[in-house]
Amino acid sequence: MIPLAWYLALSAVLFTIGAAGVLIKRNAIAMFMCIELMLNSVNLTFVAFSSFFRDVSGQLIVFIVMTVAAAEAAVGLGIIIAIFRNRESLDVDDASILKL
Amino acid sequence: METLLLYALFGLFAALAIGCAIAVVVQRNPLYSAISLIGVFIALAAHYIMLAAPFIAAVQIIVYAGAIMVLVVFVIMLLNVEEAEHRPARLRFLVPTAILLAAVLFAEAAFVIYSVGDSPYSSLDTSAPPVGLTSSIGISLFTEYLLPFEITSILLLMAIVGAITLARQASISELRRAAAVTITGDNAEAETSGFQSAKSNEITPVRTGAIN
Amino acid sequence: MNFDNPLIHAGLQFLGIFIAFNVVLMIVAYTVLAERRVLAFIQGRVGPNRVGFGGSLQPFADLLKFIFKEDIIPDKSTRFIYFIAPIIATAAALMTIIVYPFGPVIHIPFTDISFPLVITRFDVALLYVLGVTSVGVYGIALAGWSSNNKYSLMGGLRSAAQLISYELSLGLSLVGVILQAGTLDLYSIVEQQGKWGGLGWFILRGQFIGFIVYLISAIAETNRVPFDLPEAETELVAGFHTEYSAMKFALFFMAEYVNMFTVSMLATTLFLGGWNGPGVAQFPILGLFYFLGKVFFFLFLYIWLRGTLPRFRFDQLMNFGWKFLLPLAILNIIISATLALFNII
């Protein structure tokens, strides 16, 4: 089998790319996608540990993370659409005051 | 031979995942980012299959690639934001600092991987049965993890209500009328009209984009 | 021959995939011809009958025509996405074929080789089918977006909304069968329907509502009449594939018919007992013919509907999906859970 460390390294790389994306990007949808990328990299470590320790808990946590991601997508995209309606822009710098 | 094949597959899908992840960040057009992200999801699903977790792999494709990203692509198409991001000037002098910090981070990660040394090559407890199958996940989900499961379902309910509230922008009288309908019918109706009102309100930018 | 060797195993699987894809594509080609002939019959016309005997070579003539047509690429289109959209649609349609059981274990006479007529079996086959099907949405949505044409964009948006809505009912309608069978592996689901002398189909064992919901959602998922709003020609010219021509259009066309075929195979596998039928226990090869016969019945049903029904309006489509089909699917889950809990059927 592939050593566990390789999966962890891959996951770390993906997480770093996602975190960099959240910091660099200014488009709300793109930032949202980078957050999804980070969530996925964490999922990879969970599944890798679960598979190596023969413990199902890791996969269940992944399952719950996916549910949270789905809820996040529904609400987050709703907020993005609401912001776009009011500001005609998806740039997060334009949405810097705490009201619509 | 089999080990070599396994390593080749790992390399292939790891390269696909990293390449697509970089593309997510580098692409200026959000739709290209979205497609690259779908690539990452599919590569990770392949990794899950190689880790003997077929159920999670299938759910990954259904939930992430099939539901969440379809919504994202739908919203991108609806809003039709094609303009390239303008990069604010204030980032300029931060770039060297960022490179420095990134180098520190890489050194740290390399040190961790180096100092951990031998990680297990195969499962620690080979006598235990594999855990990735549907039945084992279902059994633990409804026994040991029942409370998180129920909490997640409440979270989903809250998300439905929140999404409808955001998408609707309805007047009070409309909300009162909707509250009179039964719960299932209420959700269905609200979600449907949410779709439609979103469409009818956003049609203008779409059209101008198409004409331009 | 040593079947445990992974390379030989992989080789046999590739062979099986190759055969299955070719057979399915041939069947799809002749479904197109059958559709044109049957529609013509319904409408009191003759239909294509010139190429070959009674029109039997018409699919190949059409293919040649598609290959030699000029491939027009719109000037302002988004090139890369415009190219990959038909590929995504076709690949997603074809990928599900590998999990369907076409027949029971076949024994080749005068040898000791026997094998089941299925390419691969795995634990989550049904989830795999649902996942790959849901990826197929991108083909249509991206085609609509990348063409830079307002009709295409409207078609793509409509199809994304429609497919998301009906995917829910489709998935929920299958839960009843999963509850009764207790597995997601399609081969064992078919095997469990072998009771009652080969007639223990799930549609006869309490899944009638589920079957109806599945059938309606499946027609909506494949964008066929009366749910063909993404390509409603009276409103949207040709919908998402307005700007596509030549081989790229042929790929979309093929994806639609392959989808029809796979959706029919899933209905057969889950509700109509797959290859089960009277006499399969004695003559296993009969199972293949039962299977194909049931699938052809569904394909005929599609054509029949196209010749008979008008198209929905978009608000009717959404209301029907969310207010009628989805509650019905949930009702079916409750009924099936009760049946499964008390072990009634």
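Residues numbered from 1 in each chain as written. Chains lettered and ligands numbered in written order. Predicted model: local features only at pLDDT ≥ 70, side-chain atom pairs only at ≥ 80, totals over all residues. Heavy atoms only, no water.

**Student:** Can you walk me through the overall build of chain C in this structure?
**Tutor:** Helix and strand counts for chain C come out as 13 helices and two strands. Taking the principal axes of the C-alpha coordinates as reference, chain C spans close to 60 × 50 × 45 Å. Burial status across chain C gives 53% buried among its 345 residues. Long-range contacts, defined as pairs at least 24 residues apart, comprise 76% of the intrachain contacts of chain C with a sequence gap of at least 6. For chain C, the centre of its 20 positive side-chain charges and the centre of its 19 negative side-chain charges are spaced 8 Å apart. (Helix = DSSP H or I, 4+ residues; strand = E, 2+ residues; numbered from the N terminus. Buried < 20%, exposed > 50% of the residue type's maximum accessible area, 1.4 Å probe, protein only. Contact = heavy atoms within 4.5 Å. Lys, Arg positive; Asp, Glu negative; His and termini not counted. Charge placed at Lys NZ, Arg CZ, Asp CG, Glu CD.)

**Student:** Would you mind going over the interface of chain C and chain B with me for this structure?
**Tutor:** Quoted interface sizes are often the accessible area lost when the parts come together. The partner chain B presents 34 residues to the 36 residues of chain C that form the contact. Both faces combined, the contact of chain C with chain B buries some 3,100 Å², and carbon together with sulfur accounts for 79% of it. Counting the surface chain C buries against chain B, the share from its top three residues, Tyr-138, Trp-145 and Leu-157 of chain C, is 22%. For the pair chain C and chain B, the interface holds zero salt bridges. Counting every contact that joins chain C to chain B gives three residue pairs in polar contact (both at pLDDT 80 or more). Taken together, the residues that form the side of chain C that touches chain B break down as 24 nonpolar, six polar and six charged. (Buried area = accessible area lost by both parts, 1.4 Å probe. Salt bridge = Lys/Arg side-chain N within 4 Å of Asp/Glu carboxyl O. Polar contact = N/O pair within 3.5 Å; in protein donor to acceptor, adjacent residues only side chain to side chain. Nonpolar A, V, L, I, M, F, W, Y, C, P; charged D, E, K, R; others polar.)

**Student:** Would you mind going over the pairing of strand β1 (residues 103-107) of chain C with me for this structure?
**Tutor:** Remember that side chains alternate between the two faces of the sheet whenever the strand is regular. All names here are of chain C. One ladder, built from four bridges, connects β1 with strand β2 (residues 114-117); its direction is antiparallel. Residue Gly-103 lies in a different strand from β2, and its bridge partner there is Leu-117. In this structure, the hairpin formed by β1 and β2 is closed by a connection of six residues, where Phe-110 is found at a positive phi of approximately 70 degrees. (Pairing = 2+ DSSP bridges.)

**Student:** Whenever I open this one, the pattern of salt bridges confuses me. Can you help?
**Tutor:** One side chain can pair with another of opposite charge once the charged atoms of both are near each other. All names here are of chain C. Evaluated as defined, the whole model comprises seven salt bridges over all chains. With its nearest N and O atoms 3.3 Å apart, the salt bridge here joins Glu-256 to Arg-224. You can see Glu-256 sitting in helix α11 (residues 246-270) and its partner Arg-224 sitting in the loop between α9 (208-221) and α10 (233-236), a full 32 residues away along the chain. Of the charged contacts, one joins Arg-313 and Asp-315 as a salt bridge, the two residues approaching to 3.0 Å between their closest N and O atoms.

**Student:** Whenever I open this one, the interface of chain B and chain A confuses me. Can you help?
**Tutor:** Facing the 79 residues of chain B at the interface are 62 residues of chain A. Overall, the association of chain B and chain A removes approximately 6,400 Å² of surface from exposure, summing both partners, and the carbon and sulfur fraction of that is 76%. Here chain B is connected to chain A by zero salt bridges. Sorting the residues of the side of chain B that touches chain A by element identifies α1 (2-26), α2 (30-50), α3 (54-79), α4 (94-116), α5 (134-142), α6 (146-168) and α8 (183-211) of chain B as the ones contributing at least two each. Per-element tally for the side of chain B that touches chain A: the top contributor is α3 of chain B, with 14 residues.

**Student:** Even after reading the chapter, I still don't get the confidence of the model for chain C, so can you show me in this structure?
**Tutor:** Residues shown with low pLDDT carry predicted positions that ought not to be read at fine detail. Residues and elements named next belong to chain C. Confidence in the prediction of chain C, expressed as mean pLDDT, is 83, and 97% of residues score 70 or more. Model confidence for chain C, summarised as mean pLDDT per element, is weakest for α10 at 69 and strongest for α9 at 89. ipTM for the predicted complex: 0.89, alongside a pTM of 0.83. (pLDDT = per-residue confidence, 0-100.)

**Student:** For this particular structure, what's the right way to read the packing of aromatic side chains?
**Tutor:** Residue and element names in this part refer to chain C. The tally for this structure, following the rule as stated, stands at 27 aromatic pairs over all chains. Following the ring pairs from residue to residue traces out a cluster consisting of Tyr-166, Phe-227, Phe-312, Phe-320 and Phe-324. Against the face of Phe-66 rests Lys-65, its NZ or CZ located 5.7 Å from the ring centre. (Phe/Tyr/Trp six-rings, centres within 6.5 Å; stacked < 30°, edge-to-face > 60°. Lys NZ or Arg CZ within 6 Å of the ring centre and 35° of its normal.)

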